[in-house]
Amino acid sequence: MRAPATPPVIAPGHTFGTVTDKITSIVLTNKTPLGWWAGFLFVSMFAGLLAVSLTYLVLTGVGIWGNNQPIGWAFDITNFVWWIGIGHAGTLISAILLLFKQTWRTSINRFAEAMTLFAVVCAGIFPLFHTGRPWLAYWMVPYPNTMNVWPQFKSPLIWDVFAVSTYGLVSLLFWFVGLIPDLATLRDRATGRASRMIYGMLAMGWRGSARHWHRYETAYLLLAGLATPLVVSVHSVVSLDFAVSVIPGWHTTLFPPYFVAGAIYSGFAMVLTLVIPIRKFYGMEDFITMRHLQNMAKVLLVTGLMVGYGYTVEAFMAWYSANRYEGFMMWNRMTGPYWWTYVLLILCNVVTPQTLWFKRVRGSVPALFVISLVVNVGMWLERFVIVVTSLHRDFLPSSWGRFSPTIWDWSTYVGTIGLFLTLLFLFLRFLPMISIFEMRTLLPAAKVTEEA
Amino acid sequence: MSPTLSQPADQLIPELAPAQRKLFVAGAAAAVVSLVGLFTNRAQFFQSYLMAYLFVLGATLGCLALAMIHQLSGGAWGVVTRRLLGASTRVLPVLTVLFIPILLGRHYLFVWTHADVVARDEVLQHKQLFLNTPFFIARAALYFAVWNALVYFLNRWSLEQDKTPDPAIARRMQTLSGGGLLAYGLTATFASFDWLMSIDPHWFSTIYGVLLMGGQGLTALAVLIAALTWLSRRPPLDAIVVPVHFHDLGNLMLAFVMLWAYFSFSQYLIIFSGNLPEEITWYVHRLHTGWRFVGLTLVLFHFAIPFLLLLSRRVKRTPDLLMKIALGILAARLIDLFWLIAPEFHKDGLVVHWLDVTLPLALGALWLGCFVWQLRGRAILPLHDPQFEQALGRVASVS
């Protein structure tokens, strides 16, 4: 009964068969498209660059990065927060939208969950290698050891270990459980012996009996319930890494919700950035329709406004606090040596998304693609501004400093983007990017008609 | 569609008129008793008044925000409660008038209005650009202008929609709600800075506005659930409102309980671990004197107990149980405002004045009386809501 102008979540004319054929044909084919190979080779070069950068880092030490005193955290934490934030869209789409019975999530959830996993992988690399001795990373885990040394439980950095690892694990489980019925479909349709074996093992004996479905539905709903608090908790803990300190620009009570809003914002921007070219390349416009893009654009607008609210209150309170360090921090952000990052951040994150108020913009695929890219950049800048401009000039002018990224800072960052996209390419090739069985439930034929 | 449903609620639910009368009488009685306090303890009167006022204002503003959210998000919960939301927002003109005592009593509430105090205090001199009486009044006028404008247009269009199912009206309301939520977010935030945070003008917290907005949403949901339960016991809504509607509202209330706890705990944890002199003072006298018991009450009754109860599906689907929780949450909301305001004036320890009881009763009953009064004039269900059929049309046509 909504306005008839709303596009459907699945284009008309599809049947159970066509949905299954369309999605499985991408995976179960011997002819990998040339475009896939080209893209895969291109992005895996960057993944290779990451391997080189990290190897050199381990051999040499974190000194190859531009981090210094007082800027002990720079690109590494900026990138960590950026990647963790991107993952949030996946969890939100799969868990919260499922609980809210939003059927439009169906065609993008699988894809977004995969994105979450890969983003967590990329995020984890940064703190791990920033420790300088990644082979001793297990020291962060509390276990009774002969050294009788325990982690500092009062430190949010240790909460991060728990939050991020829980997040990674629950996201993986959620994604895998959701895949099982589709893996069984692939097993049944595969012609090659090897693929039948592999998909068969992954499908864990799924036969699609009523009992299987019953268990599946229960498990999936429970996992959604478990994943929901994670949408909020993970980035709240990340924000506490900063907020529990007393550094002006970090120590502010709004940080937890403001970080969560920013995370969802950047996550949806990334989903749009990826989904727009992919739906075009694989001809998935029937499944990932304008309705999806428009809804994501609306989420982008709402979360963008929340982030803008955060900037406003932060700036106001820096003045209102009458604390000279707070006031200087904001002044330095806006007019100091890194002023242009702040200006760009406002342009990217607050000004640009205002165009999404217009229906014409929300309906234009190229515009959405450009806006999503701009927001991705903006959210990266936001973390850079928070991390670097707060650290580089704090209380004592004699301890002020500057940060400039080295070639290795850049290569590690670009390298994680390469790794992320490489994993994504593999996912697109070997797993169904859209949930086949959930798509089938959206078809008119799946609706039980009620006869009184 | 049953033709009777389009009649004003007054004719369908005869209990409304006597309820309104009783509420007004009770409110007037409590107000008269409270007025004694104006002469015996003027400072306390205004402090208690501020608390009571922000409590009822929270119900109205929360309903305004929920009404706008519903315009954008849709959902059956909002269709069954739309008329309650509307009636609640239409109390705003009355609340606008009731704000005047706060302006009159500002010297008892806001230390920064005293020129001699400001003259001795560098921090307050810095803040004078913002915290000065003319600007304070101008800002309040702006907030009320924005809120009243939103209430006026949303309700007027809603009435138009009752007459004709023109989809253009729904679109217009959606457009206004988008911008309206943005305006609400900013005005409610700065209003919370003005009317609550500036009681201790040295203290600041960036999450404060969000915390207060979360509280307003929770107050509004608790009012909606209580009112809907009352209405669902009598015709015509007894045949229309079903457990699913309560389930949705219960889930929303659970979400707001969690949000409030999340915001409160964030503020506490961050200020606690920073332990900075200009921030921690706010918690020192709250946690090192008798006020700590109020804090503990909030932890239990504003979060832990309703949270655990609302996890149960059975509770959310049983209106009588849900209503009891909602009433408990309303009490907790009042205690939360008490916690935000009263310790600033009694730093040595817990003081509960009788005005802290009579004034909330007076304003609460008056608010509820106005709410019922506004409810009577319109149809009890938005028959031309674009989602009406989807939300309850089938049930409604059965009746």
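Parameters and conventions
- Residues numbered from 1 in each chain as written.
- Chains lettered and ligands numbered in written order.
- Predicted model: local features only at pLDDT ≥ 70, side-chain atom pairs only at ≥ 80, totals over all residues.
- Heavy atoms only, no water.
- Helix = DSSP H or I, 4+ residues; strand = E, 2+ residues; numbered from the N terminus.
- Expected span 1.5 Å × (residues − 1).
- Bend = angle between axes of the 7 residues up to and from the residue.
- Axes fitted to C-alpha atoms, helices over the stretch in contact; angles between N-to-C directions.
- Parallel < 35°, antiparallel > 145°, perpendicular 65-115°, else oblique.
- Left-handed = near helix turned anticlockwise from the far one by under 90°.
- Contact = heavy atoms within 4.5 Å.
- Nonpolar A, V, L, I, M, F, W, Y, C, P; charged D, E, K, R; others polar.
- Phe/Tyr/Trp six-rings, centres within 6.5 Å; stacked < 30°, edge-to-face > 60°.
- Buried area = accessible area lost by both parts, 1.4 Å probe.
- Salt bridge = Lys/Arg side-chain N within 4 Å of Asp/Glu carboxyl O.
- Core = buried A, V, L, I, M, F, W, Y, C linked by side-chain atoms within 4.5 Å.
- Buried < 20%, exposed > 50% of the residue type's maximum accessible area, 1.4 Å probe, protein only.
- pLDDT = per-residue confidence, 0-100.
- Patch = residues over 30% accessible without salt bridge, like charges linked within 9 Å, V, L, I, M, F, W, Y side chains within 5 Å.
- Areas by Shrake-Rupley, 256 points an atom, 1.4 Å probe, with all protein chains shown as cover.

Brief notes about helix α7 (residues 210–243) of chain A
Compared with an ideal rise of 1.5 Å per residue, which puts 34 residues at 50 Å, α7 of chain A spans 49 Å between its outermost C-alpha atoms and is within 8% of the ideal. The largest bend in α7 of chain A is about 30°, located at leucine 230 of chain A.

A look at the packing of helix α4 (residues 76–89) of chain B against helix α12 (residues 208–232) of chain B
In a pair of packed helices, the angle between the axes and the distance between the axes together describe the arrangement. Residues and elements named next belong to chain B. Their axes nearest at 10 Å, the elements α4 and α12 cross at an angle of 110°. Between α4 and α12, the angle is such that the two are roughly perpendicular. Here the hand of the crossing between α4 and α12 comes out right-handed. Along its contact with α4, which presents Val80, Thr81, Leu84 and Leu85, the element α12 presents Leu224, Ala227, Leu228 and Leu231. Of the residues contributing to the contact of α4 with α12, the split by class is seven nonpolar, one polar and no charged.

A closer look at the packing of aromatic side chains
Residue and element names in this part refer to chain A. On inspection of all chains with the given rule, the structure shows 75 aromatic pairs over all chains. Ring geometry for tryptophan 82 and tyrosine 413: centres 5.5 Å apart, planes at 75°, overall edge-to-face. Residue tryptophan 82 is located in helix α3 (residues 75–99), and its partner tyrosine 413 is located in helix α14 (residues 407–430); the two are separated by 331 residues in the primary sequence. Ring geometry for phenylalanine 174 against tyrosine 220: centres 4.7 Å apart, planes inclined by 5°, an arrangement best described as stacked.

What to know about the interface of chain B and chain A
Listed as interface residues are 46 residues of chain B and, on the opposing side, 30 residues of chain A. Together chain B and chain A conceal approximately 3200 Å² of surface at their shared face, both sides included; 70% is due to carbon and sulfur atoms. On the chain B side of the interface with chain A, the three residues burying the most area are Thr206, Tyr262 and Ile270 of chain B, jointly 22% of the side's total. At the junction of chain B and chain A, the tally comes to zero salt bridges. Where the side of chain B that touches chain A is concerned, the elements lending two or more residues are α9 (122–127), α11 (167–195), α12, α13 (243–274), α14 (277–287) and α19 (388–398) of chain B. Residue contributions to the side of chain B that touches chain A peak at 10 residues, all from α13 of chain B. Class assignment for the residues of the side of chain B that touches chain A results in 23 nonpolar, 17 polar and six charged.

Observations regarding the nonpolar core
Residues and elements named next belong to chain B. Residues Tyr53, Leu57, Trp147, Trp195 and Met253 are the most contacted members of the largest nonpolar core, which totals 280 residues. Top element by residues in this core is helix α3 (residues 42–73). It accounts for 19 residues. Those residues in contact with methionine 253, other than ones at most four positions away along the chain, are Leu218, Leu221, Ala222, Ile225, Leu310, Leu322, Ile325, Ala326 and Ile329.

Things to note about the pattern of salt bridges
Under the definition given, this model contains 17 salt bridges over all chains. When the shortest N-O distance is used, the salt bridge between arginine 105 of chain A and glutamate 438 of chain A registers 3.3 Å. Residue arginine 105 of chain A is located in the loop between α3 and α4 (106–130), and its partner glutamate 438 of chain A is located in helix α15 (residues 436–442); the two are separated by 333 residues in the primary sequence. You can call arginine 105 of chain A buried: its relative accessible area is 3%. With relative accessibility at 11%, the residue glutamate 438 of chain A sits in the buried group. Here arginine 234 of chain B and glutamate 15 of chain B are joined by a salt bridge, their closest N and O atoms 3.0 Å apart. Pair noted here: arginine 234 of chain B is in the loop between α12 and α13 and glutamate 15 of chain B is in the loop between α1 (9–12) and α2 (16–40), with a separation of 219 residues, a long-range link. By relative accessible area, glutamate 15 of chain B is classed as partly exposed at 31%.

Comments concerning the packing of α3 of chain B against helix α10 (residues 133–163) of chain B
All names here are of chain B. Two elements in contact, α3 and α10, have axes separated by 11 Å at closest approach and are oriented at 50°. Here α3 is positioned oblique relative to α10, judged by the angle of their axes. Crossing angle aside, the handedness with which α3 passes α10 is left-handed. Here α3 contributes Tyr53, Leu57, Leu61, Leu64 and Met68 to the contact with α10, which in turn contributes Phe144, Trp147, Leu150, Val151 and Leu154. Broken down by class, the residue content of the contact of α3 with α10 amounts to 10 nonpolar, no polar and no charged.

Details of the confidence of the model for chain B
Residues and elements named next belong to chain B. Overall, the prediction assigns chain B a mean pLDDT of 92, with 97% of residues at 70 or greater. Per-residue pLDDT, averaged within each element of chain B, yields its smallest value for α19 (60) and its largest for helix α5 (residues 92–98) (97). As a predicted assembly, this complex carries a pTM of 0.93 together with an ipTM value of 0.93.

Quick word on a nonpolar patch on the surface
All names here are of chain A. A surface patch of nonpolar side chains, amounting to about 550 Å² of accessible area, comprises Trp339, Trp340, Val343, Leu344, Leu347 and Val351. With respect to the element layout, valine 351 can be found in helix α11 (residues 339–351). On the basis of relative accessible area, valine 351 is assigned to the partly exposed category, the value being 44%.

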